Amino acid sequence: MLLFDFENLEDKKKEYEKLRQDIEKYNHYYYNLDESLITDQEYDMLLKKLEQMEKDFPDFKLDNSPTEILGGKSSEKFKKVKHKNPMLSLSNTYSMNDLRAFDLRIKKDTGENVEYILELKLDGLSISLIYEKGKLVKAVTRGDGSIGEDVTENVSQIFSIPKVLKKEIDLEVRGEIVLPLKEFERINLEREENGETVFANPRNAAAGTIRQLDNTIVKDRNLDCYLYNLVNPEKYGVSTHLESIDFIEKLGFKTTKVFTKCNFIDDLEKEIEFWDKNRKNLEYETDGLVIKVNEYKWYNILGFTSKSPKWAIAYKFKAEQKETKVLDVSFQVGRTGVITPVAELEPVNISGSVVRRASLHNMDEIERLGLKIGDTVLIEKAAEIIPQVVKTIFEKRDGSEKNIEYIKKCPSCNSDVIKEEGQVAIKCKNLNCQEKLKRKIEYFVSRDALNIQGLGNKIVEKFVDLKLIKSVTDIFSLKDYREELMSLDKMGQKSVDNLLNNIENSKNISFEKFFYSLGIEFVGKTTSKLVVKHFKTIDKIIDSSHEELMSIEGVGEKVASSIYNYFKDTENILLINEFKNIGINLEYISDEIVNNDFITNKKFLATGKFTNLKREEVKELIEKNGGIYLSSVSKNLDYLIVGEKAGSKLEKANKLGVKILTEEEFLKLKG
Ligand code: IVH
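In this text the structure is predicted, and so the values were computed from the model without any measurement.

1. So, the UniProt feature "active site" (unreviewed entry) in the protein
The feature "active site" (unreviewed entry), as annotated in UniProt, sits at K121 in this numbering. Positionally, K121 belongs in strand β3 (residues 116–122). Judged by relative accessible area, which is 18%, K121 ranks as buried.

See below:
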């Protein structure tokens with residue numbers, strides 16, 4: 001009997017060790033590699049199980065158990081920063097009963113009917129922002145709660161984070177960096193097109209973006225940040241959580257605006273029900289609600305555990321998952337030729353809409369899922385919008401399932417497909433592939449590119465099928481087929497004229513948008529702007545060397561090689577020549593008007609030879625700051641900026657009493 005117990009204990013110890021190691025592995029992936037190997041719910045269950053085992057067998061527990069410490073360790077990439085106040089986590093639950101227990105405990109410990117604030121639990125990356133005299137000086141990730149990473153440079157690229165506050169005060173405020181759902185969708189589409197792995201959810205995408213070493217990528221991804229926690233609120237004379245939210249909003253911080261006062265547990269229950277239904281309408285992902293005691297006077301009395309405060313709890317929503325069958329797997333050809341496998345599903349209703357298809361991303365993913373046609377699978381919506389196959393339910397197999405064949409030919413043009421080394425994607429390399437052309441055109445006319453309204457996907461499909469468009473440049477010849485267009489279904493005279501007008505107007509689109517529309521691999525909106533701003537004209541880009549491309553701040557090896565190789569391809573040079581003939585704007589015109597009191601609305605002219613800047617750059621700087629650059633000296637001129645060997649212009653300006661600035665004075669005044 002004793003022997004049996006001993007063996008049982010050994011088994012339990014092994015089970016405990018295995019569980020601990022698994023959780024440590026999941027932590028490492030989640031916090032350091034921005035990847036979730038299991039769902040949040042599965043993770044929480046494992047952690048609860050570990051906690052229970054530590055209660056049942058206290059001897060098993062070591063000092064650094066995952067139940068005691070937060071999972072993340074700061075990585076080597078960024079400077080480490082010690083948090084002055086630890087960044088804690090929240091205890092969480094999926095059950096209303098636990099919430100009731102929380103409420104009872106609070107009531108018991110305080111002896112009062114305390115007020116709660118219910119707010120949204122954002123699913124992103126927690127961040128601590130430190131301001132000195134009202135200026136943002138540091139942004140630090142949570143890391144392990146006591147040491148985080150200095151990600152100030154990347155965080156400074158987030159538009160909604162104020163760099164300067166409305167008051168010159170010192171403060172630390174915490175919140176969540178999130179990737180809006182629309183951006184998440186856009187980025188994943190782009191990544192799929194480029195044959196890169198897609199982000200599983202907006203949280204991983206936000207965390208991965210903030211850990212990028214290249215901050216132009218951060219700018220391109222339009223991250224957002226919502227604040228929910230003022231550190232050391234007593235310093236600012238606020239005595240409740242609601243007051244501190246009001247205080248930070250007034251300083252210029254963005255909050256979710258959802259802070260609902262609840263006096264009773266029944267109020268909480270109603271709110272939870274409401275948000276579980278309505279969270280899908282938000283612009284960002286929420287994975288639950290946070291319930292916090294409102295009055296700070298209770299915080300010390302209620303206290304903390306090693307990981308989380310006892311005055312707050314998170315209620316997490318269960319991700320809705322449904323089982324359905326994979327009826328078939330089809331293959332979709334993208335703009336760059338990447339071929340994506342797609343699961344055709346038995347229609348199933350999840351989180352309010354019918355799901356019929358789910359991207360399987362690539363063949364590696366099919367292998368990871370062990371998927372066959374006919375399999376029953378578990379489906380959920382990533383970020384409540386994008387259907388994805390979570391896992392295959394092998395127990396439901398009946399033997400009739402069929403293997404998914406690796407395709408060898410492009411499903412559209414039947415040419416051989418290839419898998420490039422180091423890439424997960426398979427590609428169709430045929431330049432004349434019709435599907436590829438359709439996707440290319442859809443991209444070319446999309447909002448961030450030429451922005452041609454009236455050329456939606458359905459119309460593009462039709463025009464390509466009817467051979468009205470055989471290449472991207474054919475869009476500009478559609479005007480020769482006005483009659484044919486009008487005879488098409490649903491294309492009245494007005495819509496045809498509007499479309500043709502929009503096409504004509506798109507020739508004047510900014511050069512950076514045109515450059516982006518070429519769809520060069522890794523060239524997003526920000527990179528496109530950096531490149532065109534540096535070179536100014538398409539010819540200079542075509543003639544640029546790899547070194548010069550690399551010399552642009554924000555352009556790395558991958559981007560430089562991609563641009564360089566694109567213009568080494570004669571097909572692409574021919575394409576650019578066609579665009580030139582069509583009359584598309586291929587020159588950069590600065591459009592960044594930044595208000596600068598010294599420059600805005602003043603008239604300038606530069607003359608002579610400059611040492612720090614080229615004369616062209618002086619002009620650009622003035623225009624960028626809202627100033628006017630004149631071509632000759634007159635009494636209207638506010639300032640003449642003079643370099644070395646200034647001649648007749650300086651003489652004339654002196655005669656007319658125009659103020660003179662040296663290059664250094666101008667640079668100093670410009671600030
Ligand atoms: S308060 C000491 N409020 O959830 C309490 N956290 O699981 C600090 N989170 O690390 C957190 N929305 O990254 C708080 N409204 C919210 C939140 C929130 C999301 C995150 C935060 C925290 C994690 C805990």
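2. Digging into the UniProt feature "binding site: Zn(2+)" (unreviewed entry) in the protein
Feature annotation in UniProt places "binding site: Zn(2+)" (unreviewed entry) on C410, C413, C428 and C433, given in this structure's numbering. Spatially, the listed residues are clustered: although they cover 24 residues, their C-alpha atoms lie within 8.6 Å of one another. Tracing the backbone shows C410 in the loop between β16 (386–392) and β17 (417–418). Residue C410 is classed as buried on the basis of its relative accessible area of 2%. The contacts of C410, once residues within four sequence positions are left out, are V333, I339, S415, V417, C428 and C433. Those residues in contact with C433 that sit more than four places away from it in its chain are V333, C410, S412, C413 and C428.

3. Quick look at the sheet that holds strand β2 (residues 92–93)
Spatial ordering of the open sheet is given by β2-β11-β10-β3-β9, a layout of five strands whose pairing is mixed. Edge strands, defined here as strands with exactly one partner in the open sheet, are β2 and β9 (259–262). Inspection of the sheet shows strand β10 (residues 286–293) paired to strand β11 (residues 312–316) by five bridges, in the antiparallel sense. If you follow V290 over to β11, its bridge partner there is A314. Packed onto the sheet, helix α9 (residues 265–278) meets β3, β9, β10 and β11 and runs at close to 25° relative to β3.

4. What about the site of the ligand?
Residues in close proximity to the ligand total 14 residues, the closest being E119, L120, S126, R142 and E176. The separation between a nitrogen atom of the ligand and a polar side-chain atom of K292 is 3.0 Å. Expressed as a share of its isolated accessible area of 520 Å², the protein-covered part of the ligand is 90%. Mapped by element, the contributors of at least two residues to the shell around the ligand are β3 and β10. Looking at the shell around the ligand element by element, the count peaks at four residues for β3. Considering only residue class, the shell around the ligand consists of seven nonpolar, two polar and five charged.

Procedures and definitions
- Residues numbered from 1 in each chain as written.
- Predicted model: local features only at pLDDT ≥ 70, side-chain atom pairs only at ≥ 80, totals over all residues.
- Heavy atoms only, no water.
- UniProt positions renumbered as here; feature names shortened; annotations may be inferred.
- Helix = DSSP H or I, 4+ residues; strand = E, 2+ residues; numbered from the N terminus.
- Buried < 20%, exposed > 50% of the residue type's maximum accessible area, 1.4 Å probe, protein only.
- Contact = heavy atoms within 4.5 Å.
- Pairing = 2+ DSSP bridges.
- Axes fitted to C-alpha atoms, helices over the stretch in contact; angles between N-to-C directions.
- Near = heavy atom within 4 Å.
- Polar contact = N/O pair within 3.5 Å; in protein donor to acceptor, adjacent residues only side chain to side chain.
- Areas by Shrake-Rupley, 256 points an atom, 1.4 Å probe, with all protein chains shown as cover.
- Nonpolar A, V, L, I, M, F, W, Y, C, P; charged D, E, K, R; others polar.

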